[in-house]
Amino acid sequence: MERITRLRVRALILLFCLLIGYFALTLYDVQIFQTGGNTDNVKKFYTRVRVKAARGDILDRNGNVLVTNRATYDLVLNHYVILSNANTNEHLLRLVQLCREMGVSYNDHFPITMQPPFQYTLSEVGATGQSHFQAYLPVVAGGLDSDITAPVLIRSLREYYKLPVEWSDEDARAVIGLRYELRLRQDITNLPMYIFMEDVNNEVLAAVLELGIPGLTTEESMVRVYNTVYGAHILGYIGAITAKQWAEIYKAKPGYGQDALVGQSGLEEAFEEYLHGVDGYRIDVVTEDGTLIDRYYDRDKKTGQELRPVAGKNVELTIDLELQETAEQQLDALITQLRQTVDENPDDDEIPDGADAGGGSVVVMNVKTGQILACASYPTYNLSTFRQDYNELVKDPLAPMFNRALMATYAPGSTYKMNMVVAGINSGAINSKTQIEDKGVFTKYKGFTANCLTWTSNGRTHGHLDSSYALCVSCNYFFYELSERVDWNVVDLTAKALGLGEKTGVELLEYTGYRANAETKKLLHTAEGESGWYPADRIMASIGQSDNKFTPMQLCVYTSTLANRGTRYKATFLNRVVSSDYTKLEYVNSPVILGEFAISDDAYKAYTQGMRDAALTGTARKILKNYPIPVAAKTGTAETDNGSDNGAFVCYAPFDDPEIAIVVYGERAGHGSTMGQIAKALLDAYFKDVLAGDLPSGENQLS
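Novice: Tell me about the overall build of the protein chain, and name the residues and values.
Specialist: For the protein chain, the count of helices and strands is 26 helices and 23 strands. The proportion of buried residues among the 703 residues of the protein chain is 50%. Looking at the protein chain alone, contacts between residues at least 24 apart form 71% of all its contacts between residues at least 6 apart. Here the protein chain has roughly 33,400 Å² of accessible surface; of this, 50% comes from carbon and sulfur atoms. Taken as two groups, the 65 positive and 88 negative side-chain charges of the protein chain have centres that lie 6 Å from each other.

Structure representation (structure tokens):
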């Protein structure tokens, strides 16, 4: 009996083991063999997320950070997760309504107006956006024709996306816009995850996340920050790649997506190759409810290298922020003061000199290297609020966004006279001791007269003058006569060699301007009988009028070349480039000589002495007569078609060992000596240590 019992127990144990084994094998088959080794039954989505790379900083020559980045958050919608939810439309509407309540905008590129009557806005999304839209139409609502009207499209998509009939047209359009963005990323394009909102502040971030929208997450990002209100015209701004830029420039360059942000103006654009980082790409593994279960960087299919973001390099400019501030502040103060000039005789129909002043500009350059230390244009604007202020800026009659230092061309007035002296003496037409009598009125040609300013003002003349004294007192008659003695081709070639009417080589867009000559006259004056080159043209050109039109940047290169006795340097804003972490020097910009023009000893002595005398006893004496640093200067006054004259002032210092050249130009600002106030303020700022007695003059050299 006992033996039978033991047999039964053993049989039961064996049966139990067989059952356990059977179930184990069955489970193994289901979970291992039938799943291909994937034992996780949770539905997972793999999404490729772009990780934005930080753009490089922009610094001045002294290490002051002018433009940098600020860490922020973007709100990103995972299309897999939100579209897998049963209440997608309701969630999206809640999101839109909250944005309306809080008065914040979000990214919507669906090319139809937000409110009825619905119309297409294809011109606003560019060629890339239009191609996305054309790819979208055939794959929705059973396929839609490209010529479908906007109202019919909205009705079709309302039905396709099963939007409730009681929803308003505005609500329906808003949700359709979001569904359009999500649908593009399913299988139509290779666009990265949908960034619903960028640079979200804490209040909005908290309110949006509180909604609990499936698939809505935050992603770290960067936005450009401007640490200075100065230098707007040269620093520039960034923006999304346009369709034309993509096709012509960035499509062939590695590290750029079609929606990348790139420099669109100024040095942001000029130094894009250094500043632009390379975005990384990350794989996020999420569940159907949006839970993140894994995250890793994607790998390059060819090299296998992880696609981590690579920050852009940092660019150090030649600009000195203190000089830039001085230039802009002084321009603002002086032009504002001129405009407030009281009209003592309101009934004479004449505007007080300078009361109608317009814009102005300043350029400061290191004469030994061509490095630009300051480049200012007035009026200016604030890059931090540029987009908000844009509509007002474009309406402003003074055109604040116009860079007058590089894009405006002006008659140089009497600042051109140094060129006449060099051409005259170099060619042998005169020498430094040649005397010309100022007769007040130039009457050589019948039907044409030209006056010396002193004669016009008080009926007196300068008597007999040599070239240095003519520059000192800016005697027009001397140069009228000189234009008769020197071959104008020599004058023109000399001006060209000194940098007038020539590209300066600067990294920003610049206008070339014109030198007054027969070719220019024919080019600019096409009406019958107006294209000939006559003695009157030559005579007026000799004092910086006629068709002479140069940018302030060119005038600064010209002044610098005179200071260097004919050596003309390429103008540049680039000092050096350093790695993103500031540990490695990537590139150092070396001075580039664009030309070397032989100026004779006699010519050099004549114009330098004339410019020095102008500062001591001549037209610039009120500004620089007692200045402790020896300065060479020249004023210029150029007639305008109406209103006050334009004012120009050029100088370099120290006279005996030049370091910097300064050009100040004011539209309808009156006599050039008026602009000398700004030049003096810049000299004060540059030589502050010398003036304070801290350093001998020779130590104040720029590296």
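Novice: Which residues make up the sheet that holds strand 23 (residues 660–666), and what values go with them?
Specialist: Read across the open sheet, the five strands follow the order 12-11-23-22-21; overall the sheet is antiparallel. Each edge of the open sheet is held by one strand with a lone partner, namely strand 12 (372–378) and strand 21 (632–638). Between one strand and the next, the sheet's axes are offset by a mean angle of 5°, whatever the strand orientation. Relative to strand 22 (residues 646–653), strand 21 runs antiparallel, the two being bridged by seven bridges. Bridge pairing in strand 22 links Gly-636 to Ala-648. Where helix 23 (residues 601–616) meets the sheet, it contacts strand 21 and strand 22, and its direction lies at approximately 80° from that of strand 21. In the packing of helix 25 (residues 672–686) onto the sheet, the strands contacted are strand 11 (360–366), strand 12, strand 21, strand 22 and strand 23, and the crossing angle to strand 22 comes to about 30°.

Novice: Which residues make up the environment of Thr-449, and what values do they have?
Specialist: Residue placement: Thr-449 occurs in the loop between strand 14 (441–442) and strand 15 (450–451). Of the residues examined, Thr-449 reaches a relative accessible area of 52% and is grouped as exposed. For the pair Thr-449 and Ala-536, spaced 87 residues apart in the sequence, the C-alpha separation amounts to 8.7 Å. Not counting residues up to four positions away in its chain, the partners in contact with Thr-449 are Val-441, Phe-442 and Thr-443.

Novice: Mind laying out helix 19 (residues 488–497), listing which residues take part and the relevant values?
Specialist: What helix 19 keeps buried is the set Trp-488, Val-491, Asp-492, Thr-494, Ala-495 and Ala-497. The inward-facing, buried residues of helix 19 contact helix 15 (417–426), helix 18 (476–485), helix 21 (535–541) and strand 17 (567–569). By the N-cap criterion, in which a side-chain oxygen at the helix start approaches the backbone nitrogen of a residue two or three places on, helix 19 is capped by Asp-487, the distance to Asn-489 being 2.8 Å.

Novice: Report on the sheet that holds strand 1 (residues 44–51), specifying residues and quantitative values.
Specialist: Strand order in this open sheet of three strands is 1-8-9, and the pairing throughout is antiparallel. A strand with exactly one partner marks an edge of an open sheet, and here the two such strands are strand 1 and strand 9 (292–297). When the angles between neighbouring strand axes are averaged without regard to direction, this sheet yields 20°. Judged from the five bridges that link them, strand 8 (residues 280–287) and strand 9 form a sheet pairing that is antiparallel. Bridged to Asp-284 within strand 9 is Arg-295.

Novice: Tell me what's going on with the side chain of Asn-419, and back it up with residues and numbers.
Specialist: Here Asn-419 is to be found in helix 15. On the basis of relative accessibility, which here comes to 0%, the residue Asn-419 falls in the buried class. At 3.5 Å, the side chain of Asn-419 forms a polar contact with the backbone oxygen of Val-491. Within the structure, the side chain of Asn-419 is placed 3.0 Å from the backbone nitrogen of Ala-495, a separation counted as a polar contact. If we skip the residues at most four places from it in the chain, Asn-419 touches Val-491, Thr-494, Ala-495, Leu-498 and Tyr-558.

Novice: Tell me about the packing of helix 3 (residues 88–102) against helix 6 (residues 169–188), and please be specific about residues and values.
Specialist: Remark: helix 3 packs on helix 6, axes separated minimally by 9 Å, with the N-to-C direction vectors making an angle of 110°. Comparing the axis directions of helix 3 and helix 6 gives the class roughly perpendicular. Note that helix 3 runs across helix 6; the crossing there is right-handed. Of the residues in helix 6, those in contact with Thr-88, Asn-89, Leu-92, Leu-93, Val-96, Gln-97 and Arg-100 of helix 3 are Glu-170, Asp-171, Ala-174, Val-175, Leu-178, Arg-179 and Leu-182. Its residues placed into classes, the contact of helix 3 with helix 6 shows seven nonpolar, three polar and four charged.

Novice: Any chance you could break down the packing of helix 15 against helix 23 for me, citing the residues and the numbers?
Specialist: Contact geometry of helix 15 with helix 23 gives a least axis separation of 8 Å together with a crossing angle of 155°. Put simply, helix 15 runs roughly antiparallel to helix 23. As helix 15 packs across helix 23, the resulting crossing turns out to be right-handed. For the pair formed by helix 15 and helix 23, the contact residues are Met-418, Val-421, Val-422, Ile-425 and Asn-426 on the first element and Asp-602, Ala-603, Ala-606, Tyr-607 and Met-611 on the second.

Novice: If you had to explain the pairing of strand 23 to someone new, which residues and values would you point to?
Specialist: Among the seven residues of strand 23, seven are classified as buried, and the element is accordingly described as predominantly covered. Residues Ile-660, Ile-662, Val-664 and Gly-666 of strand 23 are buried on one face, and the alternating residues Ala-661, Val-663 and Tyr-665, pointing to the opposite face, are buried as well. Of the strand pairs in this sheet, strand 11 and strand 23 are connected by seven bridges, and their pairing is antiparallel. When the bridges of strand 23 are listed, Asn-366 appears paired with Ile-660. Direction of pairing for strand 22 relative to strand 23: antiparallel, over a ladder of seven bridges. Note on strand 23: the bridge partner recorded for Tyr-652 is Ala-661. Hairpin connection, strand 22 to strand 23: the antiparallel pair is bridged by six residues.

Novice: Can you break down the environment of Pro-254 residue by residue, with the values?
Specialist: Within the secondary structure layout, Pro-254 lies in the loop between helix 9 (243–250) and strand 7 (261–263). As for Pro-254 and Gly-693, which are separated by 439 residues in sequence, their C-alpha atoms are 53 Å apart.

Rules used throughout
- Residues numbered from 1 in each chain as written.
- Predicted model: local features only at pLDDT ≥ 70, side-chain atom pairs only at ≥ 80, totals over all residues.
- Heavy atoms only, no water.
- Helix = DSSP H or I, 4+ residues; strand = E, 2+ residues; numbered from the N terminus.
- Buried < 20%, exposed > 50% of the residue type's maximum accessible area, 1.4 Å probe, protein only.
- Contact = heavy atoms within 4.5 Å.
- Areas by Shrake-Rupley, 256 points an atom, 1.4 Å probe, with all protein chains shown as cover.
- Lys, Arg positive; Asp, Glu negative; His and termini not counted.
- Charge placed at Lys NZ, Arg CZ, Asp CG, Glu CD.
- Pairing = 2+ DSSP bridges.
- Axes fitted to C-alpha atoms, helices over the stretch in contact; angles between N-to-C directions.
- Polar contact = N/O pair within 3.5 Å; in protein donor to acceptor, adjacent residues only side chain to side chain.
- Parallel < 35°, antiparallel > 145°, perpendicular 65-115°, else oblique.
- Left-handed = near helix turned anticlockwise from the far one by under 90°.
- Nonpolar A, V, L, I, M, F, W, Y, C, P; charged D, E, K, R; others polar.

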